[in-house]
Amino acid sequence: MSPTLRLYNTLTRTKEPFAPIDPSNVRMYVCGPTVYDYAHIGNARPVIVFDVLYRLLKHLAKQGVWDGGNGQTKVTYARNLTDVDDKINARAARDFPGLPLNEAIGKVTQSTTAQFHRDIAALGCVPPDVEPRATGHIAEMQAIIRRLIARGVAYVAQEHVLFHVPAVAHLKNAPGYGALARRPLDEMIAGARVDVAPYKKDPMDFVLWKPSRDGVDPGWLWPAGAPDGITKPGRPGWHIECSAMSMATLLAPFGGGLSCDDPEKNVFDIHGGGIDLVFPHHENEIAQSCCAFGGGKGSPRMANVWMHNGFLQVEGEKMSKSLGNFVTINELLETENFGGRKWPGEVLRLAMLKTHYRQPIDWTVKALEEAEKTLDRWYEWLIATPIDEAATPVASVLEPLLDDLNTVSAVSQLYPLFSSSTAGAMVAGDTLGWDIYEPETASAVVAAARVLGLLNHDPIAWRDRKRARLGVDEPKVEALIAARLDARRAKNFAESDRIRDELAVMGIQLKDGKDADGQPTTTWEVKR
């Protein structure tokens, strides 16, 4: 029987069995960062969460879960970059005052995008299949805006184009505005921090296009013809960007988009992002896309499943620059600002996965320390054990992931597998026993961990990194261990104990054993 993936759908507020619209193509869109500065650790959470989902979807596709066992289903993961934003404009003017505006903006976004890619690669995240930039899809945004005006759900006022929220009700097939957020109108108005503008027909109306300020903002003309009332260069509003980029990457290549009136061709499988995006961003995306696509009556759905990760706070408080606890991914990786030391990317990733993605997470030094201790133990078990990269993952680790991406349970299933005991056998369902030192066993465990994006490093390199960070004098340690072995062979136990105590003061823990010939051996690890 094929495994069933169940995902929590924010739209319906229930867990639902997942099946792709097209068995040969799974399509997922995730809102990415605005590339104006270093990404903060809160930005890392959706990147890691949906990286795990992407890995799981590809694993299930390879198993043939959705195409009758053929294993030919393709997974397309699109994650956008927002490179049109007032914060980008301000930084470009600050950092490159002598350059033309567009050139300065290009330098800012090129640098920040490259930094973002380096940071998330250190977290073990694989690149998405498609990474559209807002500036690469201005024409699609303009085409959608023209369609919305033609259908009576958008209007021009004082060089702006605005989406008219009450007009959604006039399109029979479009979902009611607020279906995703499920909040009263007055709460939505307050939550959206609605700009008061005399040219708005309704307080909930939002901007699709706005005029550019000379010398301050980038601006675009309308090569295919501007709507009546638009006479100046302008730039897109935030929400229209994702409607255009998801259309360009997940609808048009599969037969949908503005040229297709079939609502079934204008919906994709999964749309993801942070919980803060539910309203107004994702609500407005739905309104735009469902009113623009699917014929004159609109389309009932933009995406089948809407997934959102929970908020992140730091040491029990909301993260903010005013509180002095604003933490970027790069700071954690490259500086000693958090906890007095640098942290490996895989430690950050495991710490993130130990909280369910829909729950709030408290980002603490203690959580990072615990995650590192866990990884140190796991890598220590794997030293000198060859790994088969084509091994089949242990099923007991993947099963919790099928239940709405329960990484907490999946990680807990890994702990007993790093053993040479009956406990590992019980978790793995292996009636013949379990030994992590056996290559076949270790390979199956590593394969499962890698669906979570873990254990991608060489175990010896991982161990040596920690030794180097702590300033361990390895030649001295090895010399003391050799002297202790000589003392043990000579039955000079007082000297053996003295050397053991000296090593313990250095933070070195010893593990004694015997080789195949019965001779004493000693291995060591850093315990501080």
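Just above sits the structure.
The following paragraphs examine the structure supplied in this document. (Residues numbered from 1 in each chain as written. Predicted model: local features only at pLDDT ≥ 70, side-chain atom pairs only at ≥ 80, totals over all residues. Heavy atoms only, no water.)

1. Thoughts on unusual backbone geometry
Trans is the prevailing form of peptide bonds, just as negative phi is the prevailing case for residues other than glycine.
Here is step 1: Going from F279 to P280, the amide bond is cis rather than trans, its omega being 10°.
Here is step 2: Here P280 shows up in helix 7 (residues 278–292).
Here is step 3: Backbone geometry places R13, a non-glycine residue, at a positive phi of 60°.
Here is step 4: Within the secondary structure, R13 is located in the loop between strand 1 (6–9) and strand 2 (14–17).
Here is step 5: If you check the backbone angles, E315 has positive phi at about 50° while not being a glycine.
Here is step 6: Looking at the element boundaries, E315 is found in the loop between strand 11 (312–314) and strand 12 (317–318).
Here is step 7: Residue E315 is classed as partly exposed on the basis of its relative accessible area of 43%. (Helix = DSSP H or I, 4+ residues; strand = E, 2+ residues; numbered from the N terminus. Buried < 20%, exposed > 50% of the residue type's maximum accessible area, 1.4 Å probe, protein only.)

2. Here we look at the sheet that holds strand 5 (residues 154–157)
Here is step 1: Read across the open sheet, the four strands follow the order 5-6-7-8; overall the sheet is antiparallel. Looking along the sheet, the strands with just one partner apiece sit at the ends: strand 5 and strand 8 (234–236). Here the strands of the sheet are splayed against their neighbours by 20° on average, with no regard to which way each runs.
Here is step 2: Sheet topology note: the strand 6 (residues 160–163)/strand 7 (residues 206–211) ladder contains three bridges and is antiparallel. Its bridge partner being in strand 7, L162 is matched across the sheet by V207.
Here is step 3: Sheet contacts for helix 4 (residues 138–150): strand 5, strand 6, strand 7 and strand 8; angle to strand 7, the most-contacted strand, approximately 120°. (Pairing = 2+ DSSP bridges. Axes fitted to C-alpha atoms, helices over the stretch in contact; angles between N-to-C directions. Contact = heavy atoms within 4.5 Å.)

3. Quick look at the packing of aromatic side chains
Here is step 1: Under the criterion given, the structure shown has nine aromatic pairs.
Here is step 2: Residues F163 and F206 carry aromatic rings whose centres are separated by 5.0 Å and whose planes lie at 15° to one another, so their mutual orientation is stacked. Taken together, the residues F163 in strand 6 and F206 in strand 7 connect sequence positions 43 residues apart.
Here is step 3: Residue F163 is classed as buried on the basis of its relative accessible area of 0%.
Here is step 4: Accessibility expressed as a relative area gives 7% for F206, which makes it buried.
Here is step 5: For K201, the ring lying beneath its charged end belongs to Y155, and the centroid distance is 4.5 Å.
Here is step 6: A cation over a ring is seen here: R467 above W524, with NZ or CZ 3.3 Å from the ring centre. (Phe/Tyr/Trp six-rings, centres within 6.5 Å; stacked < 30°, edge-to-face > 60°. Lys NZ or Arg CZ within 6 Å of the ring centre and 35° of its normal.)

4. Observations regarding the packing of helix 4 against helix 6 (residues 238–251)
Here is step 1: Two numbers describe how helix 4 lies on helix 6: the axes approach to 9 Å, and their chain directions differ by 110°. By the angle between their directions, the pair helix 4 and helix 6 is classed as roughly perpendicular. On helix 6, the residues that touch E140, M141, I144 and I145 of helix 4 are I240, E241, S243, A244, M247 and A248.
Here is step 2: By residue class, the composition of the contact of helix 4 with helix 6 is seven nonpolar, one polar and two charged. (Parallel < 35°, antiparallel > 145°, perpendicular 65-115°, else oblique. Nonpolar A, V, L, I, M, F, W, Y, C, P; charged D, E, K, R; others polar.)

5. As for empty space enclosed by the protein
Empty space among the atoms becomes visible once a probe the size of a water molecule is rolled across them.
Here is step 1: If you walk through the whole model with that rule in mind, you get one cavity of 30 Å³ or more.
Here is step 2: As a volume, the largest cavity reaches approximately 50 Å³.
Here is step 3: R45, V49, V52, M352, L353, T355, Y357, L405 and T407 are the residues that line the largest cavity.
Here is step 4: Breaking the lining of the largest cavity down by element, the ones donating at least two residues are helix 1 (41–63) and helix 9 (345–353).
Here is step 5: Sort the elements by how many residues they give to the lining of the largest cavity and helix 1 lands first, with three residues.
Here is step 6: Among the residues forming the lining of the largest cavity, the class breakdown is six nonpolar, two polar and one charged. (1 Å grid on protein atoms, 1.4 Å probe; cavity = no way out; pocket = protein on both sides within 12 Å on 5 of 7 lines; lining within 4 Å. Points joined across faces, edges and corners; volume = space filled by probe spheres on them.)

6. Focus on the layout of surface pockets
Here is step 1: Space inside the second largest pocket adds up to approximately 540 Å³.
Here is step 2: Lining of the second largest pocket is provided by 21 residues; of these, E380, Y437, K511, T523 and W524 occupy positions nearest its centre.
Here is step 3: Residue assignment for the lining of the second largest pocket shows that the elements contributing at least two residues are helix 10 (365–382), helix 15 (459–469), strand 14 (508–514) and strand 15 (520–526).

7. Some remarks on the pattern of salt bridges
Here is step 1: According to the stated counting rule, one finds 28 salt bridges in the structure shown.
Here is step 2: Across the pair D51 and R55 runs a salt bridge whose closest N-O atoms are separated by 2.8 Å. Here the residue D51 and the residue R55 both occupy positions in helix 1, the gap between them amounting to four residues, near one helical turn.
Here is step 3: Looking at D51, the relative accessible area reads 1%, which means it is buried.
Here is step 4: Of the charged contacts in the structure, one is a salt bridge between R469 and E372, with a shortest N-O distance of 4.0 Å. With R469 in helix 15 and E372 in helix 10, this residue pair connects regions lying 97 residues apart in the sequence.
Here is step 5: Residue class for E372 comes out buried when judged on its relative accessible area of 5%.
Here is step 6: The network of salt bridges with common partners includes D37, R91, R94 and D95. (Salt bridge = Lys/Arg side-chain N within 4 Å of Asp/Glu carboxyl O.)

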